[in-house]
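Structural description and commentary
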Amino acid sequence: TGFALTATPAGRRADARAGKRRIPRFATAGRVADVEVRAGDWWWTGSVVGPDASSACLSLAVDGSLAVLLAGELYNQDELAGALGDPGLAEAGDAQLLLACLKCYGPHAFRLLNGRFAALAADGGALVAATDHCGGVPLYLTAVADGRVSVATEAKTLLAVADVGAGGHPVAGLRAVRGSDGVHQVPAGGAVVAEAAAGRPRTRLVRTWTPPLHRRYLPERQALREVREALERAVHRRLRDGPGHTAVLSGGIDSSAVAALAASADGALHTVSMGTDLRDEFREARLVADHLARTRPGPPGPRHTEIRIGTAELLAELPWTVWASECTDPEVVEYLLPLAALYRRLPTGRPLRILTGYGADIPLGGMHREVDRPAALDDAVAHDMDTFDGLNEMSPVLSGAAGHWTTHPYWDRDLLESLVTLEAGLKRRHGRDKWVLREAVADLLPAETVRRPKLGVHEGSGTTSSFTLLLREHGVPDARIAAAKGAVVRRLYDAVVAGAAHPDEIDLAHETKAALAGQDAAGP
Ligand code: IOT
Ligand code: MG
Ligand code: MG
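In this report, we go over the structure that sits alongside the text.

Moving on to the pairing of strand β2 (residues 31-39). Relative to strand β3 (residues 42-50), β2 runs antiparallel, the two being bridged by nine bridges. When the sheet's bridge partners are listed, Val 37 is paired in β3 with Trp 44.

Right, let's get into the coordination of the magnesium ion (ligand 2). The textbook angles at a metal center are 109.5 degrees for a tetrahedron of four donors and 90 or 180 degrees for an octahedron of six. All of the protein donors around the magnesium ion (ligand 2) are Asp 254 (OD) and Asp 361 (OD); their distances to the metal are 2.1 Å. Taken as an interatomic distance, the gap from the magnesium ion (ligand 2) to the magnesium ion (ligand 3) is 4.7 Å. With a gap of 107 residues between them, Asp 254 in helix α6 (residues 253-265) and Asp 361 in helix α11 (residues 361-364) connect regions that are remote in the sequence. With respect to burial, Asp 254 and Asp 361 carry one shared label: buried.

The antiparallel open sheet is built from six strands, whose spatial order is β4-β5-β6-β7-β13-β14. Among the strands making up the open sheet, the edge pair consists of β4 (58-63) and β14 (202-207). Each strand axis lies, on average, 15 degrees off the axis of its neighbour in the sheet, ignoring direction. Here nine bridges tie strand β5 (residues 66-74) to strand β6 (residues 115-123), and the two strands are oriented antiparallel to one another. In the strand pairing of β6, Val 68 is matched with Ala 121.

All right, on to helix α19 (residues 463-473) then. By the burial criterion, the buried members of α19 are Thr 463, Ser 466, Phe 467, Thr 468, Leu 470 and Leu 471. Tucked inside the fold, the buried residues of α19 contact α8 (311-315), α9 (318-325), α10 (330-343), α18 (457-460), α20 (481-498) and α21 (508-522). Downstream of α19 by a residue or two, Gly 475 has a phi angle that is positive, lying close to 85 degrees.

A few words now on the pairing of strand β9 (residues 149-152). Side chains Val 149 and Val 151 of β9 all project onto a buried face; the interleaved residues Ser 150 and Ala 152 project onto the opposite face, where all are buried too. Bridging between strand β1 (residues 2-9) and β9 involves four bridges; their strand directions are antiparallel. Paired with Ala 7 across the strands is Val 149, a residue of β9. Direction of pairing for strand β8 (residues 140-144) relative to β9: antiparallel, over a ladder of four bridges. The residue of β9 that forms the bridge with Thr 142 is Ser 150.

Here we have five strands laid out as an open sheet, ordered β17-β16-β15-β18-β19, and parallel in their pairing. Because the sheet does not close on itself, it has two edges, and the strands there are β17 (303-309) and β19 (405-407). Mean inter-strand twist for the sheet, computed between neighbouring axes without regard to direction, equals 30 degrees. In this fold helix α7 (residues 282-295) packs onto β16 (270-276) and β17, with an angle of close to 170 degrees to the strand it touches most, β17.

We now examine the packing of α9 against α10. α10 packs onto α9 with a crossing angle of 105 degrees between their chain directions and a minimal axis gap of 9 Å. In this view, α9 runs roughly perpendicular relative to α10, as classed from their interaxial angle. Contacts between α9 and α10 pair Leu 318, Thr 321, Val 322 and Ser 325 from the former with Val 333, Leu 336, Leu 337 and Ala 340 from the latter. The residue makeup of the contact of α9 with α10, split by class, is six nonpolar, two polar and no charged.

Conventions adopted
The numbers attached to residues start from 1 for each chain and follow its sequence in the written order. Ligands are numbered from 1 and chains lettered from A, in the order in which they are written. The model is predicted, so local features are restricted to residues of pLDDT at least 70 and side-chain atom pairs to those at 80 or more, both for listing and for counting; the totals for chains, interfaces and linings are taken over all residues. To get the side-chain values, all heavy atoms of the structure are used, and hydrogens and water are removed first. Criterion used throughout: strands pair if DSSP finds at least two bridges between them. Starting at the N terminus, helices and strands are each numbered in turn, a helix being any DSSP run of H or I of at least four residues and a strand any DSSP run of E of at least two. Distances up to 2.8 Å from the metal define which N, O and S atoms are donors, and 3.2 Å serves for Na, K and Ca; water is absent from the atom set, so sites may look incomplete. In this scheme, a residue with accessible area under 20% of its type's maximum is buried, one over 50% is exposed, and one in between is partly exposed, where area comes from a 1.4 Å probe on protein chains only. Note on method: axes are straight lines fitted to C-alpha atoms, helices fitted across the in-contact stretch only, with angles between N-to-C directions ranging 0 to 180 degrees. Contact criterion: two residues are considered in contact whenever any of their non-hydrogen atoms come within 4.5 Å of each other. Should an angle fall under 35 degrees it is called roughly parallel, over 145 degrees roughly antiparallel, and 65 to 115 degrees roughly perpendicular, with every other angle called oblique. Polar here means any residue outside two lists: the nonpolar Ala, Val, Leu, Ile, Met, Phe, Trp, Tyr, Cys and Pro, and the charged Asp, Glu, Lys and Arg; Gly therefore counts as polar.

Don't take any of this as a statement about function, it's just geometry.
Structure, rendered in C-alpha cells:
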C-alpha cells in the first residue's frame, strides 16, 4: 500500500486543483485511487494505492481539524489505548487510534508507536510526515517554495505529483535522494513537521526513535526468557488475517523460529522456500516444515512449497528489485533479489500476509561470522544499527510489487530493542553465533536446525554467484566485481527510479554494458 500526495495550504485550494498532476506509477500493485481531502488547514490531493481486499493496510481518519492517512499497521494498539485511557480504542482501527494519539500528544504521538507504517497527518496548521522506528515503510518528501509539501511512499511517484521543477528546498536533517533534485527521504524514526502558515514551508525534524547504545547483561535464563517472550509477542501481533498466513522459510534459525511460533497459532500456515539451479536450502527448510507438521496438534499440517528459479530468470529480476526497493546498495540488492523473485512467484488472487525472518542478523551480529571477540561483535552491531537507514531492505514494496504484504517480526520495536541491547557475550556464546536466539527457541525445532551455521539468503540462493558470473561474462576481472555490481545497481536505479522507466522496459545486458563502460571512463 502507499500514497503520493501534495499538501497545499487550504487558502490556496485552486492551486491544489490546478497543479499539473500526473497519475503516479507505483511499483506497489493494486488499485490506484484519486484523493482530495480537506485535512486540517491543508488540502491533500494525489493518489493512494492498495489492494481491494480487507487486508489492505491503508486507512484514512478525519475528525475536525485532525486527519491521518496511514500506509501500514500498528502492533501496540492495546498500549496506545491504555495510554489514552480508553480500552475501546484498541479496536477502533489503526488510523483512528493514531488520530486519537495525535489529539493527545501532537507529533510526539509517533514516539509511542510500535508499527510498520508511513503516515501523513494534519493537526490544524501543522502537517506531519512520519515513518516508523526503522523506516520500515520508506517515505519521501519534497518541500516547494510556495508552501506546498509533497510526500510519497515511493520516490519515483513523488516526481509525478510534486512540482519539483518549481524548486525543491533542502529540508534540515533529511538526506537528499540520488538523482532526484529536491527529493528527500524521511529518516527512520523521524517525523517531519511543516507549518502551513509560513509562505515558505517551515519544516523541522522530530526524532521519534533512535537505536539504543547501552547494553545489558542478563543471566542466561533470564535473557532466554525475555527473547522468547518478545519474539512470541512480535509474531502473534503480526498474525492478523488468518488462518493461512505465509512464512518465507530458509531453514535457518531466524525464519524457522518465526515459522514455528506462527504455526503454533495458525494451523493453516503456509511455508515457502526458494532456490535456484545453482543452489538451494530445500533440505533444511523441508526438515523444519516436516517437524512443524508432526509436532503441532491436530490437522491440517502446514503446507510447504518449494519454488526453483533459473539463474537467468533470477537475474532478470534485478530491475524489478531495484524498482521496488529503490535501493542503491549492491550488497543489499543481492539479499533482496531472491526474495523479490520469490514474492513474484507466489499465487496471486488474494493479497498474502507474509512473515519473514529478515533483519535478525543485524541486532545479533549474525552477518559477522569471522568476529569472535565481544568488543568486535558489539562494534559490528553498533555499526549495522547506525547504517541501515535508507537501505530500504525492509520495504513492503518488495512484495507489494506482487500484491502481497510483508512484516518482519525481528524488527518489532520491542524485540529489536531487547536484542540490540543484550551484551555481546550473550549473542555469541559457547562458540555459537546468535546463541541467545538459538537457545530461546530450541524446544520448537529439530536439533539440527538449532545448530545449523548461518547462511545468507544471497549465498543459499546462489544470487551472489549468479551476479558474479554475469559480470565475468562481460569480462570484469575478479578484483573489480564488487565495484562493477555497484555500477550496475546504480545504473538500474537511475533508469527505473530517477528515470521512471518500467522494469520490463530494461534490457539488462545493455544496461550492464553501459554501466561497465561508464566505469571504465571514470577510471579504476
Ligand atoms: P538471511 O538471514 O539468510 O535471510 C533473511 C530472511 O529471508 C530469512 O529469515 C527468511 O525469512 C528469508 N529467506 C532467506 N532465504 C530464503 C529462501 N531460500 N527461501 C525462502 N525464504 C528465504 C541477509 C541475510 O543473511 O539473509 N539479511 C540480513 C541483514 C542484511 C544486512 N543489512 C544491514 N547490515 N543493514 C538479515 O538480518 O536478515
Ligand atoms: Mg537471517
Ligand atoms: Mg539464511
